[in-house]
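Single-letter residue listing:
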Amino acid sequence: MTDKTSAQVEADWVTHGNIARIKAQLDREPNEGKRRGLEELLAEQRKLIVSD
């Protein structure tokens, strides 16, 4: 496994922050349509972390 560049580490931190914000928004969103959209966005962000 190779060491990550500083840009890659920064991108990981940004993605983790995005995941946290999406989760918080999802927890307080009552609209089912918006919740589905947030869940899709959350899944996309998680894929970014897993693919590293």
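Here, every reference points to the structure presented above.
Definitions and cut-offs
- Along every chain, residues carry numbers that run from 1 in the direction the sequence is written.
- Reporting in this predicted model follows two pLDDT cut-offs: at least 70 for local features of residues, and 80 or more for side-chain atom pairs to be given and counted; totals over whole chains, interfaces and linings ignore these cut-offs and use all residues.
- Water and hydrogen atoms play no part in the side-chain values, which are based on all heavy atoms of the structure.
- Here, a salt bridge means any Lys or Arg side-chain nitrogen found within 4 Å of an Asp or Glu carboxyl oxygen.
- Note that patches include only residues with greater than 30% relative accessible area and no salt bridge, and the join distances are 9 Å for like charges and 5 Å for nonpolar side chains (Val, Leu, Ile, Met, Phe, Trp, Tyr).
- For the area figures, the Shrake-Rupley method with a 1.4 Å probe applies, and any residue is considered shielded solely by the protein chains shown.
- The charged-residue count follows a simple rule in which Lys and Arg add positive charge and Asp and Glu add negative charge, with His and chain termini not counted at all.
- Taken as the charge centre is NZ of Lys, CZ of Arg, CG of Asp or CD of Glu, depending on the residue.
- Per the convention used, a helix needs a DSSP run of H or I reaching at least four residues, while a strand needs a run of E reaching at least two, with both numbered from the N terminus.
- With a 1.4 Å probe rolled over the protein chains alone, any residue whose accessible area is under 20% of its type maximum counts as buried; one over 50% counts as exposed, and the rest are partly exposed.
- Grouping buried Ala, Val, Leu, Ile, Met, Phe, Trp, Tyr and Cys residues that are joined through side-chain atoms within 4.5 Å yields what is termed a nonpolar core.
- Contacts are residue-level and defined by heavy atoms, with any inter-residue pair within 4.5 Å sufficient.

Engineer: In this structure, what is going on with the pattern of salt bridges? I would like to understand it.
Structural biologist: Close approach of charged atoms lets side chains of opposite charge pair. One pass over the structure, following the stated rule, counts one salt bridge. In this structure, Asp12 engages Lys4 in a salt bridge whose closest nitrogen and oxygen atoms are separated by 2.3 Å.

Engineer: I would appreciate a short explanation of a negative patch on the surface in the present structure.
Structural biologist: Residues Glu32, Glu39, Glu40 and Glu44 make up a contiguous surface patch of negative charge. Residue position: Glu32 is located in helix α2 (residues 32–50). Overall, Glu32 belongs to the partly exposed group, its relative accessible area being 45%.

Engineer: Looking at this structure, I do not really get the environment of Val14. What am I missing?
Structural biologist: Its location among the elements puts Val14 in helix α1 (residues 6–28). Here Val14 falls in the partly exposed class, since its relative accessible area comes to 44%. In this structure, the C-alpha to C-alpha distance between Val14 and Gln45, residues 31 residues apart in sequence, is 10.0 Å.

Engineer: Even after reading the chapter, I still don't get the nonpolar core, so can you show me in this structure?
Structural biologist: The nonpolar side chains of soluble globular proteins are, as a tendency, buried together. The biggest cluster of nonpolar side chains holds five residues, and these are Ile19, Ile22, Leu26, Leu38 and Leu42. Within the residue set of this core, elements represented by two or more residues are α1 and α2. Sorting elements by how many residues they give to this core places α1 first, with three residues. Ignoring sequence-local partners within four residues, the contact set of Leu26 consists of Arg35, Leu38, Glu39 and Leu42.

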